[in-house]
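Reading the structure
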Amino acid sequence: MSKERARRRAEREAERERLAAARAEREARAARRREMRERIVGPVAGVVAAVLPRPGRPVRVVRQRGYLARRRRTENAVVAVLWFLVQVLAWILLDSWMARLGVFLGSILLLPVFVTIVFDRRS
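Definitions and limits used
- Residues numbered from 1 in each chain as written.
- Predicted model: local features only at pLDDT ≥ 70, side-chain atom pairs only at ≥ 80, totals over all residues.
- Heavy atoms only, no water.
- Helix = DSSP H or I, 4+ residues; strand = E, 2+ residues; numbered from the N terminus.
- Areas by Shrake-Rupley, 256 points an atom, 1.4 Å probe, with all protein chains shown as cover.
- Expected span 1.5 Å × (residues − 1).
- Buried < 20%, exposed > 50% of the residue type's maximum accessible area, 1.4 Å probe, protein only.
- Contact = heavy atoms within 4.5 Å.

**Remarks on the overall build of the protein**
- Assigned secondary structure in the protein consists of 4 helices and 0 strands.
- Starting at the N terminus, the α and β elements of the protein follow one another as α-α-α-α.
- When the accessible area of the protein is evaluated, it comes to approximately 11,500 Å², of which 64% is carbon and sulfur surface.

**Topic: helix α3 (residues 67–93)**
- Taking 1.5 Å of rise per residue, the 27 residues of α3 would be expected to cover 39 Å, and the 39 Å separating its terminal C-alpha atoms lies within 8% of that figure.
- Listed as buried for α3 are A69, E75, V79, Q87 and A90.

**Here's the deal with the environment of A90**
- With respect to the helices and strands, A90 occurs in helix α3.
- Between the alpha carbons of A90 and G102 there is a distance of 9.7 Å; along the sequence they are 12 residues apart.
- Once residues lying within four places of it in the same chain are set aside, the contact partners of A90 are R100 and V103.

If you want it as structure tokens, here you go:
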């Protein structure tokens, strides 16, 4: 019984030592990386980094899939192209800057109305 306990204790200690060695290696690698970065970038980066906000972790943007998401992207693309065409036609056909500005502001204000009327899903 005591030989079995001693064997298990030795296994646990060996595992602990292996984990400690791996942790020490990671910490040494991180220290070397910090030292290399400090040598390459220099003291100016510390001042700049202190002023700029630092993201906590990288943001991963994943596109939604499926029929509804594809339909929504298509509708948004159609609306954007039509709005752009209206702007181009207004720019070509109208000479007055006030008229062009009026078309721009009117199209921005009427865009939600257009989208609601054309792509209404409640009916």
